[in-house]
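Coordinate analysis (summary)
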Amino acid sequence: MKNQEDNMSKSRPKIEKFEALLDRLGNLAVESFHYIALFIIGCMVIWSAGHTVIDILTVKQFATIDDILLLFIYLELGAMVGIYFKTNHMPVRFLIYIAITALTRLLIADIQHTHKASMDLVIITGSILILAFAILVVRYASWTYPSVIRDKHSEKPLPLGKTPRPEDDELA
């Protein structure tokens, strides 16, 4: 019985080392996937924005409001990818901004093509209002219940007694 306990106590550190190694490898695989996926998404945003600009300059030779709003969507997507690369946090507000811009683009296209009021306009406008209210809620929540966002490679602690407060440019 004593011999069996000694064998188990000797094998326990080996198992813990193996589990730690697997944990590190798993974390590396997940982080690698994030970076590769973000790089691909960033490249696709740049490619799509470039294609849109080339199309505006060569085919259309003028930019419509649809084109400008589409470029704003690409800008927000690019900013969101860049922020995630720097901080490892996904800014929820940027997704809402993209949705508002896309709905505004849809609203303008609908008005330009149909030239008459319809229930669709009310629904789209109401959706934009709800999303604007959602931004207000997210900002209020980030101010009232802040999370400390630091550069992902920085380990600076907060000064003693200082409550973290989001800045105007926080990524809520």
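Parameters at a glance
- Residues numbered from 1 in each chain as written.
- Predicted model: local features only at pLDDT ≥ 70, side-chain atom pairs only at ≥ 80, totals over all residues.
- Heavy atoms only, no water.
- pLDDT = per-residue confidence, 0-100.
- Helix = DSSP H or I, 4+ residues; strand = E, 2+ residues; numbered from the N terminus.
- Phe/Tyr/Trp six-rings, centres within 6.5 Å; stacked < 30°, edge-to-face > 60°.
- Buried < 20%, exposed > 50% of the residue type's maximum accessible area, 1.4 Å probe, protein only.
- Patch = residues over 30% accessible without salt bridge, like charges linked within 9 Å, V, L, I, M, F, W, Y side chains within 5 Å.
- Areas by Shrake-Rupley, 256 points an atom, 1.4 Å probe, with all protein chains shown as cover.
- Salt bridge = Lys/Arg side-chain N within 4 Å of Asp/Glu carboxyl O.
- Expected span 1.5 Å × (residues − 1).
- Contact = heavy atoms within 4.5 Å.
- Core = buried A, V, L, I, M, F, W, Y, C linked by side-chain atoms within 4.5 Å.
- Axes fitted to C-alpha atoms, helices over the stretch in contact; angles between N-to-C directions.
- Parallel < 35°, antiparallel > 145°, perpendicular 65-115°, else oblique.
- Left-handed = near helix turned anticlockwise from the far one by under 90°.

For the protein chain, the mean per-residue pLDDT works out to 82, and 78% of the residues sit at or above 70. Mean pLDDT across the secondary structure elements of the protein chain bottoms out at helix H1 (residues 2-60), with 85, and peaks at helix H4 (residues 119-144), with 93.

Attention shifts here to the packing of aromatic side chains. Inspection of the entire model under this criterion finds 2 aromatic pairs. Plain terms: the ring middles of Tyr35 and Phe85 are 5.6 Å apart, the flat faces sit at 15° to each other, and that makes the pair stacked. Of this pair, Tyr35 sits in helix H1 while Phe85 sits in helix H2 (residues 65-87), and the two are 50 residues apart along the sequence.

Considering the arrangement of structural elements, one finds His34 in helix H1. For His34, a relative accessible area of 32% gives the class partly exposed. Taking the C-alpha atoms as reference points, His34 and Phe85, 51 residues apart in sequence, are found 9.0 Å from one another.

Together, Phe18, Leu21, Leu22, Leu25 and Leu28 give the surface a local cluster of nonpolar side chains, amounting to about 480 Å² of exposed area. With respect to the helices, strands and loops of the structure, Leu22 is situated in helix H1. By relative accessible area, which is 44% here, Leu22 ends up partly exposed.

An α-helical segment advances 3.6 residues per turn. Residues three or four places apart therefore align on the same side. Between the first and last C-alpha of helix H3 (residues 92-114) there are 33 Å, a value that for 23 residues agrees with the 33 Å anticipated at 1.5 Å per step. Listed in full, the buried residues belonging to H3 are Arg93, Phe94, Ile96, Ile98, Ile100, Thr101, Leu103, Leu107, Ala109 and Asp110. If you follow the buried residues of H3, they end up packed against H2 and H4. Following H3 by one or two positions, His115 adopts a phi angle in the positive range, close to 55°.

In a soluble, globular protein the nonpolar side chains are often hidden away together inside. Core analysis: the biggest nonpolar cluster contains 9 residues, these being Ile96, Ile100, Leu103, Leu107, Leu121, Ile124, Ile128, Leu131 and Ile135. When contributions to this core are tallied by element, the ones reaching two or more residues are H3 and H4. At 5 residues, the largest contribution of residues to this core is made by H4. In this structure Ile96 touches Leu131, Ala134, Ile135 and Val138, once residues within four positions along its chain are discounted. Counting residues in each nonpolar core, the second largest holds 5 residues, with Ile73, Met80, Ile83 and Phe94 among its members.

Looking now at the packing of H3 against H4. Contact pair H3 / H4: the axes reach a minimum separation of 10 Å and the direction vectors enclose 165°. The angle between H3 and H4 places the two elements in the roughly antiparallel class. H4 is crossed by H3, and the crossing has left-handed handedness. Facing H3, whose interface residues are Arg93, Ile96, Tyr97, Ala99, Ile100, Leu103, Thr104, Leu106, Leu107, Asp110 and Ile111, H4 presents Asp120, Leu121, Ile124, Thr125, Ser127, Ile128, Leu131, Ala132, Ala134, Ile135, Val138 and Arg139.

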